[in-house]
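Coordinates in review
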Amino acid sequence: MQHNLVFKVLDVLSDGKFHSGESIAKTFDISRVSIWNAIKKAEEFGVEIYSVRGRGYKLIQPIMLLKKPSIEQVMGEIHHWFNLEIFDVMDSTNSYLMEKASLGHPHASVAATHIQTKGRGRRGRSWQSALGESLTFSLLWRFNGGAATLSGLSLAVGVAIIRSLHRFGVLSAQLKWPNDVLVQDGPQYKKLAGILIELQGDMEGQSTAVIGIGINLNQVVFSENLPNPVSLRQITGKSFDGKNCAQELIGKLSNRYYELKENGFNNLHSSYLEHLYKKGDAVRLKKNAAAFIATIDTVTAQGELIITHGITESIQFGEIEWLK
Ligand code: BTN
């Protein structure tokens, strides 16, 4: 079964109306059995479809599929700056762009996919996304300034996402150091989006960053093994269109990229601190297998977390685990 056909059929069904197997088969000049197989495959991908004798197929929840022309249309003129690629299924948009980075893929390449089979998270975790309900994409940025320019990158990306969320009306968003995006849902903060940044190249001279973002848009249920996930829809009661979210995020990310390039992280530092989760509060952390309570003092302009637990210490990226 070709994925291509599954997505063509989903595209027909994406209007949320009934379509008979016969009419879909006619559209693509293939057999009804092929359409039935495509429907089964879509169900394996987690899409729920009504099948009613005499009427045909209908999506239980309308889904949004990303299309290059429609994303470019909402991006307007600036889409010419980007090399945008949309995939139906791939292992990981970060893995894809990391591989392409060494093969000379252009600066400002964006890869987005409907289904990510091996989505990767920070610290070796995996990242789950849902077809038509989450946005999964990566950007490839090339830098000249060496490691110093990149020290604030991961925090700057967090700030870009917070600013996009403000545009979507979500004002409670916070950044759990270094860059987990949390939003308030009742008394709790829950994870809305994750960022995975991978670097390649010469830290003194030219380097390339692949910035991967996964954001929960319209899920109403999550698999049980995920720690505290939440979607934009659960927070706002509205459903979100991937193309609008993609253009907003890509736009804000490129603004922050130029700001970082021109002025370094200094200008973004105060914005980051405004949204730092648990600033001034005591939290449970784990370092080298030892768990302890520490106060989150601040994050430096170089991106280090400063905590106090008897002593005050500065933590580099990735050396600490937050406990609930
Ligand atoms: C985390 O919170 O641990 C980071 C999650 C990052 C997930 C995104 S989804 C797009 C890109 N491709 C990947 O394989 N991972 C990132």
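That block above? That's the structure.
This text gives an overview of the structure that appears in the document. (Residues numbered from 1 in each chain as written. Predicted model: local features only at pLDDT ≥ 70, side-chain atom pairs only at ≥ 80, totals over all residues. Heavy atoms only, no water.)

**Considering the packing of aromatic side chains**
Here is the rule we go by: The criterion for an aromatic pair is that two Phe, Tyr or Trp rings (for Trp, the six-membered ring) have centres within 6.5 Å, with stacked assigned to planes under 30 degrees apart, edge-to-face to planes over 60 apart and tilted to the rest. Labels follow the DSSP assignment, with helices taken as runs of H or I lasting at least four residues and strands as runs of E lasting at least two, numbered in each case from the N terminus.
Per the stated rule, a full pass over the model turns up nine aromatic pairs. Aromatic side chains F143 and Y257 sit 5.2 Å apart centroid to centroid with 70° between the ring planes, which places their arrangement in the edge-to-face category. Placement of F143 in strand β5 (residues 134–143) and of Y257 in helix α9 (residues 242–263) is noted, with a sequence separation of 114 residues between them. One aromatic cluster is present, built from ring pairs that chain together F82, W141, F143, Y257 and Y258.

**Some words on the sheet that holds strand β8 (residues 188–201)**
Which entries qualify depends on this criterion: A pair of strands is treated as paired once DSSP finds two or more bridges between them. Orientation is described by lines fitted to C-alpha atoms, with helices fitted over the stretch in contact, and by angles between N-to-C directions that extend from 0 to 180 degrees. Contacts are assigned to residue pairs that have any heavy atoms within 4.5 Å of one another.
The seven strands lie next to each other as β3-β4-β5-β9-β8-β7-β6, forming an open sheet whose pairing is mixed. Where the open sheet ends on each side, the last strands, each with one partner, are β3 (83–90) and β6 (174–176). In this sheet, adjacent strand axes meet at a mean angle of 25° when their direction is disregarded. In this structure, strand β4 (residues 109–116) lies alongside β5, joined through four bridges in antiparallel fashion. If you follow A112 over to β5, its bridge partner there is F137. With respect to the sheet, helix α5 (residues 93–101) is in contact with β3, β4, β5, β8 and β9 (207–216), its orientation differing from that of β5 by roughly 20°.

**Observations regarding unusual backbone geometry**
Note the threshold: Only protein chains enter the accessibility calculation, which uses a 1.4 Å probe; a residue is then buried when its area is under 20% of its type maximum, exposed when over 50%, and partly exposed in between.
Across the junction of W177 and P178, the peptide omega takes the value 0°, indicating a cis bond. In this model, A108 sits at a positive phi of 65°, which is unusual for a non-glycine residue. For A108, the position within the fold is in the loop between α5 and β4. Under the relative-accessibility criterion, A108 is labelled buried at 3%. Phi is positive for N288, close to 45°, though the residue is something other than glycine. For N288, the position within the fold is in the loop between β10 (282–287) and β11 (290–299). Note on N288: relative accessible area 71%, which makes it exposed.

**Some remarks on the pairing of strand β2 (residues 56–59)**
Bridging between strand β1 (residues 49–52) and β2 involves four bridges; their strand directions are antiparallel. Within β2, the position partnered with S51 by the bridge is Y57. What sits between β1 and β2 in their antiparallel hairpin is a turn of three residues, with G54 showing a positive phi close to 85°.

**A few points about the pairing of β11**
Two elements, β10 and β11, share six bridges in a ladder whose sense is antiparallel. For K287, the partnering residue across the bridge sits in β11 and is A290. Between the end of β10 and the start of β11, which pair antiparallel, lie two residues, with N288 showing a positive phi angle near 45°. Of the pairings in the sheet, the one linking β11 to strand β12 (residues 305–309) comprises four bridges and is antiparallel in character. In the strand pairing of β12, T295 is matched with T308.

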